[in-house]
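Close look at the chain arrangement
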Amino acid sequence: MLDPRTKLFLAFAYMVVLMFTTNIVALTVECALVAGMVFALRLTRAWLATLRVLLPMTAFLVVVMLFSFDVVAALAGALRLVAMTTAFFVFFQTTAPEDLANTLVKSGVPYAFAFILTASMQFIPVLSRKMQEVMEAQRARGIRLERDVASVRNYPALFAPLLIQAFTLADQLAEAMEARGFGAPQRTFARDYALRGGDYVAIALTLIFVMVAWQVR
Amino acid sequence: MALVVLERVRYRYPDATAYALDDITLQIDAGEFVLLAGASGSGKSSLCRLLNGLIPHFHGGSLEGVVRVDGLETREHPVHELFAHVGLVFQNPDAQLFNSTVAREIAFGLESRGLPRDEIRARIEWALDATRTAQLRERAPHSLSGGEQQMVALAAVLALRPRVLVLDEPFANLDPETIARIREILRNVHAQGTTIVLAEHRLHATIQDATRLIVLDHGRVARDGAPRDVLSEDLSDLRLNTPFVVRLARACGWNKVPLSVDEAIAMAQASGCDEWRACPERSRRMASDKEQWRFAPPITRHLPLNGSPVIRLCDVSFVRDGHAVLRNVSLEGARSECVALVGKNGSGKTTLLKHLNALYQPTRGSVVVLNQDTRRARVSDLARQVGLVFQNPNDQLFKPNVREEIEVAPRALDRFDRAWMDKLCDWFGLEPLLERSPFTLSEGEKKRVAFAAALAARPQIVALDEPTTGQDFAFRTALARLLRDLQSEGVTIILATHDLEFAQQVALHWIVLADGEIVADGAPDAVMANDAAMARAALRPTAWFRMQQHGVGATLCSRPSTPLCGQPHRAAPTNPGVRNA
């Protein structure tokens, strides 16, 4: 497995390539690359779930670009958006947030800053479950909270309890982190993070890929 | 040797006027197992946070006096130096795990200590082993059950090998089975020499393990001594949830207080049954109005039940994410009846309640509420008939004051009734709170507001999810009386709980759930006598029942064995094993 820093570099390099590529054929090939990676890593199912959220946004972008530019530009824009999201999707699927944070710390990023990243990632599933619970509690009281326009005026009933609990939770979490030595000066890591042969090969290949892409852009 | 030394400690949170801890002087020696009791707001949590330096380093505020733990003055040392000496496990499992896997969770504290890699690995293994959570190693903490999460939090602290292990109400929301597992772990680490300070307001679950009982009241040490000595005193002004056997012994005027049911049985048998027969008169004599030692006896007779069932679940199965949460559940509830769904956490009780108002639809089978099939009903319509009281009141509070909060449902449903609202406020003692913001209330007060809010639209069916969690004895007694009043007005109560002492106080019809299946259905005594079903549901019979089983209870307070009035109980006698329709 590659070092998180290598993977992060790969993802950013890919993003840059997408940005400068205007040739629609080249763009399609580049998209196929990341799609191939999704299949190879057996992430298809999770990816489709992400796409479901992403597609409405993409459709919106396409419509806007159709009006402002032309069909090719709209298509290219859509491909870029999907490919970029997919690249970072692959990155987060294959990288534990702690690993990313720890390697960033090794590279000189302050620990507290890197840690915000990992802790907030753990927070998301907890909050989404909370949201479900709040919704059920309010609907049981006869408050309408469906996916329609009429429910919008009832949103305070959803967001007030959610926000207040999120703040409480964040406070308790900070306390718990403190109680397990967050901020101690001589931290060690349970894992060893170092760039190995595979990382250097991957970085070299990426650089070649960027240069080729620049030629055919 | 004194491991923990507190000298004239006073502490006030920032912006607070009252002292959270007020002139506390005490010493805890190495090897003690201290049970720290007291009503909510008595200062238990603050004392826990004082011991590992979160007070004053994290919370600020003003701290006077001396706090020394393991030779370290806490004021002089930051939390990241103290945490390896004093491990702290918190109450809320959701808010103390912040890593992506269980193994990393345990590693976090060890990394903070700067231990070498091999040592970290060895200690992770040791901690997983000690808490028997090895199978959870690569799981994400947020995907675990509350009980598993608490076990992981304990493992993460134990791995640090602290000399003092402090736990702040770790058992809140956990079911009896998980509590028993954690108690066993605590007994083991105590036997290996770790000093334990356990804050808990329900004494019956933990008192046998402790070597010392400290009771806090308004930030002061109100009692301190050997558990038996402390419990022999009058504690009625301290709002404690004392064990049933202790209340019984006090009510009966025994000269020695038993700490466990087994002990109580032995004592009763040794002293002969005359002592027991005298019980009702004596208890009346002993218990002054102020004393809450009155042990709440189980209810013994039904209100008259009439008419056809208002709740009917017919062969209901519910599948979520490919997992069967309910399997072939059939049950009925009549007007004025109180049905208790008992079972451990995760057995499907809450899911079942959410079927009653169409929040969930059965995957198979049917749910009929007041002659209405829930598949053809909307949640907002059923909300008129079914009041659901959820476990966590914070999920629903959002109005600027309590009055508006409880008026939400009746206004949304167009069923506002001034007289009824006044009655509710009276029942729940909400008068003084009406103009306050619900967010500033204590958890107990919030719970009362949530109850009132659920009842505000005058539902004919009231469903309660673990209503007694974290509540003191006075609240439980008041709630039992309230449920009785509601029943006499024709309301059907359905109660999901793993608190059998409470279920026994209010319900004569018990349904036991295990893994989403009904494993027993009948009268409380019949259900508790069904060892197979109780074992499958991981429940333990109540103290009352166990004493009766040993012959001592037969004469206990001249309790009738058959219902005195109303129809005999409808439900079929308990039937061991699975009851598939």
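See the structure shown above.
Below is a summary of the structure that appears in this document. Note that the structure is a prediction, hence the values are computed from the model and not measured.

Digging into the overall build of chain B
- Summing up its helical and strand segments, chain B has 22 helices and 20 strands in all.
- A burial count over chain B gives 59% of its 581 residues as buried.
- Pairs at least 24 residues apart make up 69% of the contacts formed inside chain B by residues separated by at least 6 positions.
- A total accessible area of about 22100 Å² is found for chain B, and carbon and sulfur atoms account for 47% of it.

Concerning the overall build of chain A
- Within chain A, the secondary structure is distributed over eight helices and zero strands.
- Along its sequence from the N terminus, chain A presents helices and strands in the succession α-α-α-α-α-α-α-α.
- For 217 residues, the compact-globule formula gives about 17 Å, and the C-alpha radius of gyration of chain A, at 22 Å, lies well above that figure.
- Across its three principal directions, the C-alpha atoms of chain A cover 60 × 55 × 30 Å.
- Within the span of chain A, comprising 217 residues, buried residues form 42% of the whole.
- Side chains of chain A give 19 positive and 14 negative charges; the mean places of these two sets differ by 4 Å.

Some thoughts on the interface of chain A and chain B
- Listed by partner, the interface residues are 53 residues for chain A and 58 residues for chain B.
- Carbon and sulfur atoms make up 56% of the surface buried where chain A meets chain B, a total of about 4700 Å² over both sides.
- Broken down residue by residue, the surface that chain A buries against chain B is led by Arg141, Glu175 and Arg180 of chain A, which jointly contribute 19%.
- Scanning the region where chain A abuts chain B turns up eight salt bridges.
- Measuring nitrogen to oxygen at the nearest pair gives 2.9 Å for the salt bridge that ties Arg180 of chain A to Glu105 of chain B.
- Applying the counting rule to chain A against chain B returns 25 residue pairs in polar contact (both at pLDDT 80 or more).
- Looking at the side of chain A that touches chain B, the elements that each hand over two or more residues are helix H5 (97-106), helix H6 (111-139) and helix H7 (155-179) of chain A.
- Element by element, the count of residues in the side of chain A that touches chain B is highest for H7 of chain A, at 16 residues.
- The residue inventory of the side of chain A that touches chain B, partitioned by class, reads 28 nonpolar, ten polar and 15 charged.

Here's the deal with the layout of surface pockets
All names here are of chain B.
- There is about 1100 Å³ of room inside the second largest pocket.
- What lines the second largest pocket is a set of 48 residues, and nearest its centre among them are Pro176, His204, Ala205, Glu501 and Pro541.
- At the level of elements, helix H7 (176-191), helix H9 (244-252), helix H10 (261-271), helix H18 (473-488), helix H19 (500-506) and helix H22 (543-549) are the ones that each hand at least two residues to the lining of the second largest pocket.
- Top contributing element to the lining of the second largest pocket by residue count: H7, with five residues.
- Classifying every residue of the lining of the second largest pocket gives 19 nonpolar, 15 polar and 14 charged.

Concerning the side chain of Gln165 of chain A
- Within the secondary structure layout, Gln165 of chain A lies in helix H7.
- Since its relative accessible area comes to 9%, Gln165 of chain A is described here as buried.
- At 2.8 Å, the side chain of Gln165 of chain A forms a polar contact with the side chain of Asp395 of chain B.
- Each residue touching Gln165 of chain A, except ones within four places of it in the same chain, is listed here: Lys130 and Val134 of chain A together with Asn392, Asn394 and Asp395 of chain B.

Quick look at the sheet that holds strand S10 (residues 220-225) of chain B
All names here are of chain B.
- Within the open sheet, the six strands sit side by side as S6-S7-S8-S3-S9-S10. Their pairing is mixed. Two strands lie at the open edges of the sheet, namely strand S6 (86-89) and S10, each paired on one side alone. With direction set aside, neighbouring strand axes in the sheet form an average angle of 15 degrees.
- Relative to S10, strand S9 (residues 212-217) runs antiparallel, the two sharing five bridges. By the bridge assignment, Ile214 is partnered in S10 with Asp224.
- Packed onto the sheet, helix H6 (residues 146-158) meets S6 and strand S7 (164-168) and runs at close to 170 degrees relative to S6.

Reading guide: rules and limits
- Residues numbered from 1 in each chain as written.
- Chains lettered and ligands numbered in written order.
- Predicted model: local features only at pLDDT ≥ 70, side-chain atom pairs only at ≥ 80, totals over all residues.
- Heavy atoms only, no water.
- Helix = DSSP H or I, 4+ residues; strand = E, 2+ residues; numbered from the N terminus.
- Buried < 20%, exposed > 50% of the residue type's maximum accessible area, 1.4 Å probe, protein only.
- Contact = heavy atoms within 4.5 Å.
- Areas by Shrake-Rupley, 256 points an atom, 1.4 Å probe, with all protein chains shown as cover.
- Rg over C-alpha atoms; globule rule 2.2 N^0.38 Å.
- Lys, Arg positive; Asp, Glu negative; His and termini not counted.
- Charge placed at Lys NZ, Arg CZ, Asp CG, Glu CD.
- Buried area = accessible area lost by both parts, 1.4 Å probe.
- Salt bridge = Lys/Arg side-chain N within 4 Å of Asp/Glu carboxyl O.
- Polar contact = N/O pair within 3.5 Å; in protein donor to acceptor, adjacent residues only side chain to side chain.
- Nonpolar A, V, L, I, M, F, W, Y, C, P; charged D, E, K, R; others polar.
- 1 Å grid on protein atoms, 1.4 Å probe; cavity = no way out; pocket = protein on both sides within 12 Å on 5 of 7 lines; lining within 4 Å.
- Points joined across faces, edges and corners; volume = space filled by probe spheres on them.
- Pairing = 2+ DSSP bridges.
- Axes fitted to C-alpha atoms, helices over the stretch in contact; angles between N-to-C directions.

The quantities given are spatial measurements derived from coordinates; they are silent on function.
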